[in-house]
Amino acid sequence: MSSRRTSMDTSSVGVTNLNENSTYTDSFIVHDDKKLSEQERARIKEFGQLFNRHSSINRELLEELFRKEPSEYTQTVYRYASRIYHCLREEQINPVLKALSNTKEEQTQAKKATLDVPKIDYASDKQKRRTLKLAFSVLRYQKVIEELLDETQFFSNFPDLKDETSLVSTILYDYLSRKFQPRDVPVDVDDKEDLSNNDQLVTTIEYAILQERTHLAAALARNRIKSQALSLEDLLPENVREVQQHSAELPVYAWVNLIKTDMETVIETFENDENMKRVKSIHDVDKRAFCTDYHCSNLLIFHYSQKHRFANHRLVRDHHLYLQDKSSCIAAHTVRKLITRKDNICLAYVSGGLLLQLLLVLTEELESKIYAFGSRTDENVREILAKIKTLGVSEKRVKLFKERFSDVNFDEINMENCKVILCNPPDTRSALIQPLEFLYNEGEDVTLLKHFSQPTENKGFIRECIQREAAYMRQALRYTLAKAIVYVTFSKNRSENDDIVHSTINEQNEQRTQQKKENGVYKISPPVLPIQFGFRNEHMSILRHGTFIQFESSQKMNGVFVAVLLRERERRRSVISKKKVDDRDSDVENEHKPKKESSQGFQFETEVRAAQRRQQQPSKTQRKSIGTISSNRRSKSSANLSRDLANSSLIHAETKPAQQTQPVKTEPKQLTLSERLASIGRITSTLDTTQDEPNMDNESVQTRK
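Criteria and thresholds
- Residues numbered from 1 in each chain as written.
- Predicted model: local features only at pLDDT ≥ 70, side-chain atom pairs only at ≥ 80, totals over all residues.
- Heavy atoms only, no water.
- Helix = DSSP H or I, 4+ residues; strand = E, 2+ residues; numbered from the N terminus.
- Buried < 20%, exposed > 50% of the residue type's maximum accessible area, 1.4 Å probe, protein only.
- Contact = heavy atoms within 4.5 Å.
- Areas by Shrake-Rupley, 256 points an atom, 1.4 Å probe, with all protein chains shown as cover.
- Axes fitted to C-alpha atoms, helices over the stretch in contact; angles between N-to-C directions.
- Parallel < 35°, antiparallel > 145°, perpendicular 65-115°, else oblique.
- Left-handed = near helix turned anticlockwise from the far one by under 90°.
- Nonpolar A, V, L, I, M, F, W, Y, C, P; charged D, E, K, R; others polar.
- Polar contact = N/O pair within 3.5 Å; in protein donor to acceptor, adjacent residues only side chain to side chain.
- Core = buried A, V, L, I, M, F, W, Y, C linked by side-chain atoms within 4.5 Å.
- Pairing = 2+ DSSP bridges.
- Phe/Tyr/Trp six-rings, centres within 6.5 Å; stacked < 30°, edge-to-face > 60°.
- Lys NZ or Arg CZ within 6 Å of the ring centre and 35° of its normal.
- Right-handed = clockwise from strand over helix to strand, strands pointing away.
- Salt bridge = Lys/Arg side-chain N within 4 Å of Asp/Glu carboxyl O.
- pLDDT = per-residue confidence, 0-100.

Across its full length, the protein chain carries 27 helices and 14 strands. For the protein chain, buried positions account for 39% of its 705 residues. Relative to all contacts within the protein chain whose residues are 6 or more apart in sequence, the contacts with residues 24 or more apart total 78%. Taken as a whole, the protein chain presents about 42800 Å² of accessible surface, with 50% of it coming from carbon and sulfur.

See the structure below:
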């Protein structure tokens, strides 16, 4: 009892002392309050209001500190995203194997090969979007999540979950982004999705993470302090972080289905029904304004804040508008400029079918048919045909092939009147700013996410893409009936853009001797789309060397490279003129051939006559008698010589105008050796006739005697 009393006494003493101290402090504060200035009193008052429960400032602070983060994912989405992450995650090299391996090839063999992502049957498009978003986020934060699990020894505390590393990492990222708050019913979920929490394994992992959230949060704080990261995003590598920042401000692009509606109707819908304003430039676009694109005639541009609203817009649901980035529309509009009525198109890689749909819309008036390759499976073919039906286009305008474009034998496939080949091989996609939206809209392979989550470039993957692109371009050159090739990539690497085009042209020139000349050769052509120079606030040059179009990656659009190759065939007029020249050359040769033969015969004849003259030469006594010939005979022979020379000069004068009438050679023609010998033969013939006359005179004199 005494102890209790003493305790009570001490407690009472403490209370009295506390009351005394409180009165002392109050008196002290009151005493000091008289010495404070008015400015200091105002600051103390504001400081007190911050912790006043009835203050609005305190409520905002409490709401920020204890704000409930909304949940986006269900247990089903956890499962689907973990499957994708398990197949695409980068497997770390075992340190023991790394120490034993001597070369880089042995180190890469120690890594786990990328698995094929299984087919996932999504309940709705919203579920697919959320699944891809979660899988991509976990891939980017893979290193951070694995470090947290190692530091907290999570799998040592829960050994039963060690075989479920991918599922644990997927759920842990969601709890990290929501500050380890318990998961509620997700917001904006489709009615087709399963909202029940019946997955026992997922529930067990969630309870384990909540149980270890203190240790996990502490480890995350240490990593942020060590890396001087103000937020969770600052823990990412710089190149991955920049892509994420630019993608947040990328405008919304949508092209109009000109088969079901027209541009004027859609523009009036936004202006009248939604009170939006049409502006002239993309720089003037805001939340309540939009504009039309300069390069693509049926493309509309909206503010990035309208992305979620347009995903469920009435025009999108009715298939009057299709969401697609401008970078994917440039190639289709380039092809449209190169074809005329009834000209067909070859699409090298159909992908998910959205580019094919745009080509069908742009060529509806021309009644063009499209041959598309790379549809892979029967299921993908059915999906593409179902999308084409939503356009309001007949399936007869499309012919799909499962084979890859590089493996096709054109002799076995009938591509009637195919004039343009759109060569769009799968590349590294390194110029994309929004890989997730590109993957969802274009229907690309999910393995694309892996290459965007790595901090460094995969050189092996780049070499593989370069080889594939070169094979596609060589295959396009083999089709001799096309008149143009449009080469497009979404890469920023020069080795995939300019180098591929130039190497293809060089190979073609080297093989030109083996090919038929009538097929012609491809040459790089300037762009066919309109180019805008000197535009206000336009710092993005799209021309490369005056021949290529390349949009660099920016906050306005994804990057794209486009090259146009036109086939130059030999013109008919040039062929006809060449034949005429060849005929004239042959006629000239035929004219010269008999002359040459006659001159050779004349030369042979003079040699025979010279031999006869030697035989008929008189003796010395006869020569003396010849010397006594009168001067009249000599004057007569000289007259005959001058007459023959005059005749030969007239013959040369008549042949010169005939040679000048020939329009082949402009330079003065030089006499050949045979012609010179012929002229010499003519002169010697005149001399022989003069010497024959005295012999005849001698014979006449002897007969008289």
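This part is about the packing of helix α4 (residues 75-88) against helix α10 (residues 165-177). Here α4 crosses α10 at 120 degrees, and the two axes come no closer than 8 Å. As the angle between them shows, α4 and α10 are arranged oblique. At the point where α4 passes α10, the crossing takes the right-handed sense. Contact with α4, carried on its side by Y78, R79, A81, S82, Y85 and H86, involves S166, L167, S169, T170, I171, D174 and Y175 of α10 and no other residues of that element. Residue composition of the contact of α4 with α10, by class: six nonpolar, five polar and two charged.

You can see S430 is positioned in the loop between β9 (418-423) and α20 (435-442). Engagement of the side chain of S430 in a polar contact is seen with the side chain of S491, the distance being 3.3 Å. At 3.1 Å, the side chain of S430 forms a polar contact with the backbone nitrogen of K492. With residues near it in sequence (within four places) discarded, S430 still touches F490, S491, K492 and N493.

Glancing now at the nonpolar core. Core analysis: the largest hydrophobic core is formed by 105 residues, its most contacted members being F154, I209, W255, L347, L356 and L422. With sequence-adjacent residues up to four places away left out, L422 is seen in contact with A331, V335, C346, L347, A348, L355, L359, V486 and V488. Of all hydrophobic cores here, the second largest spans 29 residues; its members include F373, I421, Y479 and Y522.

Once that is clear, we can look at the sheet that holds strand β1 (residues 252-256). Taken in spatial order, the five strands line up as β2-β3-β4-β1-β5 in an open sheet, and their pairing is mixed. Two strands bound the open sheet, and with one partner strand each, they are β2 (277-278) and β5 (321-323). Sheet analysis places β2 next to strand β3 (residues 289-292), joined by two bridges and oriented parallel. If you follow R278 over to β3, its bridge partner there is F290. Against the sheet, helix α18 (residues 354-362) makes contact with β1 and β5, and its axis sits at roughly 45 degrees relative to β1, the strand it touches most.

So, on to the packing of α4 against helix α11 (residues 200-211). One can describe the packing of α4 onto α11 by two numbers: an axis separation of 10 Å at closest approach and a directional angle of 90 degrees. Regarding the angle of α4 to α11, the classification is roughly perpendicular. Within the contact between the two elements, α4 uses Q75, Y78 and R79 and α11 uses L201, V202, T203 and E206. Each residue belonging to the contact of α4 with α11 can be placed in one class, and the counts come to three nonpolar, two polar and two charged.

Next up on the list: the packing of aromatic side chains. For any pair of aromatic rings, the description consists of the separation of the ring centres together with the inter-plane angle of the planes. If you walk through the whole model with that rule in mind, you get 18 aromatic pairs. Each ring, one from F548 and one from F561, has its centre 5.3 Å from the other, and the planes form 50 degrees; the classification is tilted. In this pair, F548 sits in strand β13 (residues 548-551) while F561 sits in strand β14 (residues 560-568), placing the two residues 13 residues apart along the sequence. Just as F548 is buried, F561 falls in that class too. Over the aromatic face of Y175 sits the side chain of R178, whose NZ or CZ is 4.9 Å from the ring centroid. The positively charged end of R309 is found above the aromatic ring belonging to F310, 4.9 Å away from the centroid.

Residues F548 and Q550 of β13 are buried on one face, and the alternating residues I549 and F551, pointing to the opposite face, are buried as well. Between the end of strand β12 (residues 543-544) and the start of β13, which pair antiparallel, lie three residues, with H545 showing a positive phi angle near 60 degrees.

The next subject is unusual backbone geometry. Phi at F180 takes a positive value of approximately 60 degrees, unusual for a residue other than glycine. Here F180 lies in the loop between α10 and α11.

Here the focus is the pairing of strand β8 (residues 398-401). As paired elements, strand β7 (residues 370-373) and β8 share four bridges and run parallel to each other. When the sheet's bridge partners are listed, A372 is paired in β8 with L400. Handedness of the β7-helix α19 (residues 378-391)-β8 crossover: right-handed.

The next subject is the pattern of salt bridges. Under the counting rule described, the total for this entry stands at 24 salt bridges. The salt bridge involving E383 is made with K119; its shortest N-O contact spans 3.8 Å. Taken together, the residues E383 in helix α19 and K119 in the loop between α6 (104-110) and α7 (125-140) connect sequence positions 264 residues apart. With relative accessibility at 55%, the residue K119 sits in the exposed group. Taken together, the salt bridges that share partners define one network made up of K119, E379 and E383.

A residue-level look at the protein chain finds 65% of positions with pLDDT of 70 or above and a mean pLDDT of 76. Of the regions scoring below 50 in pLDDT, residues 682-705 engages in 19 contacts with residues more than four places distant in sequence or in other chains.

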